[in-house]
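# Secondary and tertiary structure notes
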Amino acid sequence: HIDVYAIPVFRRDARIGTLFVHRDITREYELDLMKSELVSTVSHELRTPLSSVLGFTELLLARTMKPEKQLKYLETIHKEAKRLTELINDFLDLQRMESGKQQYTTESANLSEIVLGVLDQYKLGSHNVLLVDEAFNSEVEVDRDKIIQVLTNLLSNAIKFSPDSNEVNVHLHNEEDRIVVRIQDHGLGIPKDQIGHLFQKFRRVDNSASKRIGGTGLGLAICKEIIDKQKGEIGIESVEGKGTTVWFSLPNLYSEHKQYEEDGGRWNPDKEV
Ligand code: ADP
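Please read all numbers here as calculations on a predicted model, not as lab measurements.

## So, a nonpolar patch on the surface
- Taken together, the side chains of Tyr5, Ile7, Val9, Ile16 and Leu19 define a hydrophobic patch exposed on the protein surface, amounting to about 440 Å² of accessible area.
- The set of elements that each furnish at least two residues to the nonpolar patch consists of β1 (2-11) and β2 (14-24).
- Of all the elements, β1 adds the most residues to the nonpolar patch, at three residues.

## Notes on the site of the ligand
- By nearness alone, 19 residues border the ligand, and Asn157, Asp185, Arg204, Thr216 and Leu220 come closest of all.
- Here arginine 204 contributes a side-chain N or O atom positioned 2.7 Å from an oxygen atom of the ligand.
- One of the side-chain nitrogen or oxygen atoms of threonine 244 is found 3.3 Å away from a nitrogen atom of the ligand.
- When the ligand is considered free in solution it has 530 Å² of accessible area, and contact with the protein chains removes 96% of it.
- Looking at the shell around the ligand, the elements with two or more residues in it are α4 (144-160) and α7 (219-229).

## Thoughts on the packing of aromatic side chains
- A full pass over the atoms with the stated rule returns two aromatic pairs.
- Measuring from centroid to centroid gives 5.0 Å for phenylalanine 56 and tyrosine 73, while their planes differ by 55°, and the two rings are tilted. Taken together, the residues span a long stretch of sequence, with phenylalanine 56 in helix α1 (residues 26-62) and tyrosine 73 in helix α2 (residues 67-98) at a distance of 17 residues.
- Using a relative accessible area of 14% as the deciding quantity, one classes tyrosine 73 as buried.
- Judged by centre distance (6.2 Å) and plane angle (25°), the ring pair of phenylalanine 91 and phenylalanine 202 falls under stacked. A residue pair is termed long-range when its members are at least 10 positions apart, and phenylalanine 91 in helix α2 and phenylalanine 202 in the loop between α5 (192-195) and α6 (208-213) qualify at 111 residues.
- On the basis of relative accessible area, phenylalanine 202 is assigned to the buried category, the value being 12%.
- When the ring centre of tyrosine 104 is taken as origin, the NZ or CZ atom of lysine 146, which lies over that ring, is 4.7 Å away.

## Some remarks on helix α3 (residues 111-120)
- Within α3 the residues assigned to the buried category are Leu111, Ser112, Ile114, Val115, Val118 and Leu119. Angularly, the buried residues of α3 cover 160° about the axis, an arc narrow enough to put them on a single face.
- Between the side-chain oxygen at the start of α3 and the backbone nitrogen of serine 112 there is a gap of 2.9 Å, and the oxygen is on asparagine 110.

Parameters at a glance
Residues numbered from 1 in each chain as written. Predicted model: local features only at pLDDT ≥ 70, side-chain atom pairs only at ≥ 80, totals over all residues. Heavy atoms only, no water. Patch = residues over 30% accessible without salt bridge, like charges linked within 9 Å, V, L, I, M, F, W, Y side chains within 5 Å. Areas by Shrake-Rupley, 256 points an atom, 1.4 Å probe, with all protein chains shown as cover. Salt bridge = Lys/Arg side-chain N within 4 Å of Asp/Glu carboxyl O. Helix = DSSP H or I, 4+ residues; strand = E, 2+ residues; numbered from the N terminus. Near = heavy atom within 4 Å. Polar contact = N/O pair within 3.5 Å; in protein donor to acceptor, adjacent residues only side chain to side chain. Phe/Tyr/Trp six-rings, centres within 6.5 Å; stacked < 30°, edge-to-face > 60°. Buried < 20%, exposed > 50% of the residue type's maximum accessible area, 1.4 Å probe, protein only. Lys NZ or Arg CZ within 6 Å of the ring centre and 35° of its normal. Arc of directions from axis to C-beta.

Shown next as structure tokens:
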């Protein structure tokens, strides 16, 4: 998309020509498009739970009904209001991250320790979340809280989308100069043609099970944003009906590979890895 300005050029009050300025406005055009798409998606996502809250409160106000029915309506209102709050929080979080306003405070940390700390919270839950740690070295340079946020999002998805299986495995291993975390469930899985889109905002698997389970469709977009910012990679492998593995990798701070390069391509047996 090109914007063209015509500027008349004068010399001693006489017009001697026209200067044409061509400006590439593709970026602005794309940004405008993205903004309007976003506004319509957000307003749709907000409107759905809000109209349900309004509808049910109106019903409660208009008629007297059995206490059990009242309770059921109130539960729905509460669920929808919670969903709205989650949606707004997730959305603002992502917005802050994408605009670059979110500060990252990185420190060197042991990823195994971070994972173990997060898994501790699932100890008493409905699912058996196991750590299979095959990493001999998992030093990373990360923003600890953000990585905890990624792990929590991925684990809660693994649990949420495994209604009939109660086992979730978390694998940690070294792969060249990276450390890879894989979160594996044996749940619903994802149809092949939809896997590729799920890191985009508001994308959810389009089927009845996914709709029933619910969510904001922002969790994976947030995870990708965080992992991208920390020089990592993230991906999904899934077989519908069998289960899903979401993995992310981060640069290993003291990888053998890195040491080898630092030693000028020579193996240094005295150096601690
Ligand atoms: P949310 O879970 O809030 O809907 P996410 O962005 O975290 O949003 O996930 C997007 C969609 O990806 C989910 O709605 C679900 O359809 C699918 N999904 C994510 N993780 C899994 C998983 N472990 N198993 C099956 N489907 C998943």
